[in-house]
Every structure is written in structure tokens, then in C-alpha cells.
Amino acid sequence: MKPNGIKDPFLGSDYSSNSKHKSWSKLLRLLLVLLIISIVGLIYREEVSCWMFREGNHNSGRFKASGADIVESEQGVVAADDGRCSEIGASMLRQGGHAVDAAVATALCLGVVNPMASGIGGGSFMIVRSSATSQTQAFDMRETAPLAASQDMYENNPGANYAGALSMGVPGEIAGLHEAWLKHGRLAWRTLFQPAIKLAKEGFVVAPYLGRHIAKSGGRILNDRGLQEVFAPNGKLLKPGDKCYNEKLAQSLEAVAEQGPQALYNGTVGEMLVKDVSKAGGILTMEDLRNYKVNVVDAVSVNVMGYTISGMPPPSCGTAGMAMVLNILDSYGSSDSAKGNLGLHRIIEALKHMFAARMNLGDPNFVNISSVLSEMLSLSFAKQIQQKIFDNTTFPPDYYMNRYNNCG
């Protein structure tokens, strides 16, 4: 049997429609967190921190509520994986910078202190909404495949698609950050780089998050002279609390700060990168770097639970995936549907179905995904999936995957 809902509602048995809306708001915030964790692959960090910016009082408005940090501001808030980077972003706002200025400086900082998860050698997505025009744009700065890549290049070495030089794409972060800055930035490009350069050159304290990854990758670090110079000076792996220096990264950031993206895409930084990648067995070329283009399009907007969510269109699956899960939960007809242990079970099951559905998504520049995308955003499809979720059991992978290509 499938219960219609759980017995203990958020706000009592006779809550008003306004209270119900607030309950859905709580659910939406929960799902945003869950989907970011699931889709983007974020990991819990002890140092996760938010810094707020309020005119005339830079660090007020931060308080504890139910064990969580909550910040409020009339001017702007910066939240990053590392509190040091949050503060750097907030400092750009205090200097009169645009939100994009703060985002650029924050991203560059994260590339220094969390190099295993971020950096100028990778790519990203960015959503920017103009308060003046209400236009919301999506900046696709994800990596692209090198020209020499082929469909069967990993056939004899499956592990090479996620580790090693052959797994590397053409980096897009610097090009995309610069494109967004050209449209919205107020501060000088070089100004946004200075905090990250200082951290890389003068050193930063290794946080537990980085420390765990250094320990996990110890063998590979000790067998690579370049990695050893940074993360195992004198042959000893750095630990949380130690100071880390990355002089070569500082030099690359300085070049990009002064010369612009061309330092990477048609200059000495790019030439050194291609040389190192080639030496390690990769296929990246200067032609790949010179040909890289940022894709700027209108963000996709979906209406769910009375909210309008703006996010990345494909090749990102985040917006479609979030909408699908929220529509599944909304199809129960009650804000109680995601409450308590039963609600958590339903969320997990909805996520499983969503991850299966997204298997048929892809890059619209190469495959037609219109029918898949339409289905994931469909209310009737969400109801069909909801009816496949049972409150008293879960299923083997084939139950969720039977309609989709097992390509992930």
C-alpha cells in the first residue's frame, strides 16, 4: 500500500495555504541542496562558510539558527566551498564590484585552495541574471574534447576517461569568466586575480578537505615531480594545517591577469600546458586552445511549485533534473510528501529515477535531446514516475534503468 502522506505535517494539521507555501519553500531549499550535492558532486567540507556584505557593516547579519549559519543582506551574499574564498568575493563587492567580479575572484581562489575540485585547467557553468533588464543568461564554459579525440579512444583503457592526461578536455574556465566579466564586470580584470595570486605565492593553510585528497592521492603525488613540489615538499605529504605554496600556478595567474585569456589560449601559459600534457601522454594542442569558444545563451526557466527556477540548459542536466524531482514530489498533492523519514525515502527514489532519465541527455550540439528534455519537464511524466515509487521498498538498478541507455 502507498500512504497518501505522512501524519506529522510541517506546521500542524490545519495549516493555511500560506503555511503550505512556506513548507514547499523549505522543500525547495532542501532539494536545491540535495541536487547540488548529487549532480555537481560537492562533498561536505568543514570549512564551508558564507560571508555577507552589508553597506556600512561588512560582517553583521550572521547568526545561528537550528544549528545552521544563516546570513541576510540587502546588498549581496557570497557563498563558496571555502570561507577564505567567500571573504575574497565579498571584498570585491565592498570595492564596488559587480556580482560577476565577486564570482570571478571567488572561483580563482577556489582553484588555489581546492585544486583537486576546481581551477583554470577545467570548466564550469555560470548563470547571471541582470537586475536592470531581468534577462538571465547561461555561460557554458565547460571543457570540450580535443580535436584528436575519438569515440573509441578509451576502449582499451576505460580508466583513462577519468584519470590521466587523456581524460583532460580543453579548459574553458578562464575564457568563460572573462566573457562574463566583459559583459558585467566593474573592477579591473587584474584586480580580481590578486587575492588568488597572493594565496598561491605566499602560501595558504591546507584545509581538511584538501588534506584528505592529498592523502588519498599520495602515491600519485610522490611519483610526479610537479605534484610533489607543491603537495609533498621534501618528500613528505602535506597534512591539514600545513602551509602549501604553488609558485607556478601564481606565475600562470599573473600572466593571465596581465595579458588576458590569450596568455592561456594563444600564449606562453598555453604552450607550457600543451607541452606538459603531451609529455604525460595527452592529445591537447595549441589549435584546441585557440579554437575554444564560450557558449552564451538564454537560461532555461521552469515553473515548479509556484516558483520560477532559472538554470543551465543542456549539456547541463541540473535544471531539468531538479524540475523533474520537484514535480514528482509535488504530484503527491501535499507538502507533507517530503517530510520525515518517509519523505527522505521518496526524495531518494525520485533522484534515482531522475538519474536514470538523464542518461539520454547530451550536448544538443551533437545529439537531439528535445523529446528527452520535454519528458523530464512534463507533469504527466512526473506523475507516472511517482506511481512507480513505493513507500515500503526500493529496487535493484534495473528497475530504474530499464527504459534508458546505460551510458553513464
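For every chain, the first residue of the written sequence is number 1, and numbering continues from 1 onward in sequence order. Note on the predicted model: pLDDT of at least 70 is required for a residue's local features to be given, and 80 or more for side-chain atom pairs to be given and counted; whole-chain, interface and lining totals, by contrast, use all residues. For side-chain calculations, the full set of non-hydrogen atoms in the structure is used, while hydrogens and water are omitted.

(A) Spatial organisation of the overall build of the chain. Helix numbering and strand numbering both begin at the N terminus, where a helix is a DSSP run of H or I of at least 4 residues and a strand a DSSP run of E of at least 2. Helices and strands together make up the secondary structure of the chain, namely 17 helices and eleven strands. In this scheme, a residue with accessible area under 20% of its type's maximum is buried, one over 50% is exposed, and one in between is partly exposed, where area comes from a 1.4 Å probe on protein chains only. Counting the 408 residues in the chain, one finds 43% classified as buried. The long-range share in the chain, meaning contacts at least 24 apart out of those at least 6 apart in sequence, stands at 67%. Summed over all atoms, the accessible surface of the chain reaches about 21500 Å², with 51% contributed by carbon and sulfur. Two residues form a contact once any of their heavy atoms are found within 4.5 Å. Under the convention used here, a 1.4 Å probe and the Shrake-Rupley method define accessible areas, while residue burial counts only the protein chains that appear.

(B) Representation of helix 4 (residues 173-184). Under the 1.5 Å per step criterion, the end-to-end length of helix 4 is 16 Å for twelve residues, consistent within 8% with the ideal 16 Å. When you tally the buried positions in helix 4, you get nine out of twelve residues, the bulk of the element. Turning to helix 4, its buried residues number three or more, namely Glu173, Ile174, Ala175, Gly176, Leu177, His178, Ala180, Trp181 and His184. Where helix 4 is buried, its residues touch helix 3 (99-113), strand 5 (124-129), strand 6 (136-141), helix 5 (189-202), helix 9 (247-259) and helix 10 (262-265). To estimate the expected span of a helix, count its residues, drop one, and scale the result by 1.5 Å.

(C) Geometry of the layout of surface pockets. Buriedness for pockets is judged along seven lines, at least five of which must meet protein on both sides within 12 Å for an open set on the 1 Å grid over protein atoms alone, while cavities are sets there where a 1.4 Å probe fits but cannot get out, and lining residues have an atom within 4 Å of a point. Grid points are joined across faces, edges and corners, and a volume is the space filled by probe spheres set on the points. Approximately 230 Å³ is the volume attributed to the second largest pocket. If you trace the second largest pocket, you find it lined by Ala175, His178, Glu179, Pro261, Gln262, Tyr265, Asn266, Leu289, Arg290, Tyr292, Lys293 and Val294. Looking at the lining of the second largest pocket, the elements that each hand over two or more residues are helix 4, helix 10 and helix 12 (286-291). Of all the elements, helix 4 adds the most residues to the lining of the second largest pocket, at three residues. Side-chain classes are defined by residue name, with Ala, Val, Leu, Ile, Met, Phe, Trp, Tyr, Cys and Pro counting as nonpolar, Asp, Glu, Lys and Arg as charged, and the others, Gly among them, as polar. Across the lining of the second largest pocket, the residue classes break down as six nonpolar, three polar and three charged.

(D) Spotlight on the UniProt feature "binding site: L-glutamate" (unreviewed entry) in the chain. In the numbering used here, UniProt assigns the feature "binding site: L-glutamate" (unreviewed entry) to Arg142. Take Arg142: it is sitting in the loop between strand 6 and helix 4. Exposure remark for Arg142: the relative accessible area of 38% places this residue in the partly exposed category. Among all residues touching Arg142, those that are not within four sequence positions of it are Gly123, Ser124, Phe125 and Tyr292. UniProt positions are given in the numbering used here, feature names are shortened, and annotations may be inferred rather than shown by experiment.

(E) Structural view of the state of the cysteines. By convention in this document, the label disulfide applies to cysteine sulfur atom pairs within 2.5 Å. Under the counting rule described, the total for this entry stands at one disulfide. For Cys85, the disulfide goes to Cys109, at an S-S distance of 2.0 Å. Judged by the sign of its S-S torsion, about -75°, the bond between Cys85 and Cys109 is left-handed. Pair noted here: Cys85 is in helix 2 (residues 83-94) and Cys109 is in helix 3, with a separation of 24 residues, a long-range link. Of the two residues, Cys85 and Cys109, neither departs from the other in class, the shared state being buried.

(F) Geometry of the packing of helix 13 (residues 318-330) against helix 16 (residues 379-386). Between helix 13 and helix 16, whose axes approach to 8 Å, the crossing angle comes to 65°. As helix 13 runs across helix 16, the sense of the crossing is right-handed. Here Met324, Asn327 and Ile328 of helix 13 lie close against helix 16, whose contacting residues are Leu379, Phe381, Ala382, Ile385 and Gln386. The residue inventory of the contact of helix 13 with helix 16, partitioned by class, reads six nonpolar, two polar and no charged. Think of each axis as a best-fit line through the C-alpha atoms, taken over the contacting stretch in the case of a helix, with angles from 0 to 180 degrees between the N-to-C directions. The sense of a crossing depends on the near helix, which, turned anticlockwise from the far helix by less than a right angle, makes the crossing left-handed and, turned clockwise, makes it right-handed.

(G) Representation of the nonpolar core. Throughout, nonpolar core names a set of buried Ala, Val, Leu, Ile, Met, Phe, Trp, Tyr and Cys residues whose side chains join them through atoms within 4.5 Å. If you look at the biggest cluster of nonpolar residues, it comprises 63 residues, and the most contacted ones within it are Leu108, Val112, Ile174, Leu192, Phe193 and Leu253. With ten residues, the top contributor of residues to this core is helix 3. Contacts of Leu253, omitting those with residues within four sequence positions, involve Leu108, Val112, Ile120, Phe193, Ala196 and Ile197. Of all hydrophobic cores here, the second largest spans 28 residues; its members include Ile347, Ala357, Phe381 and Ile385.

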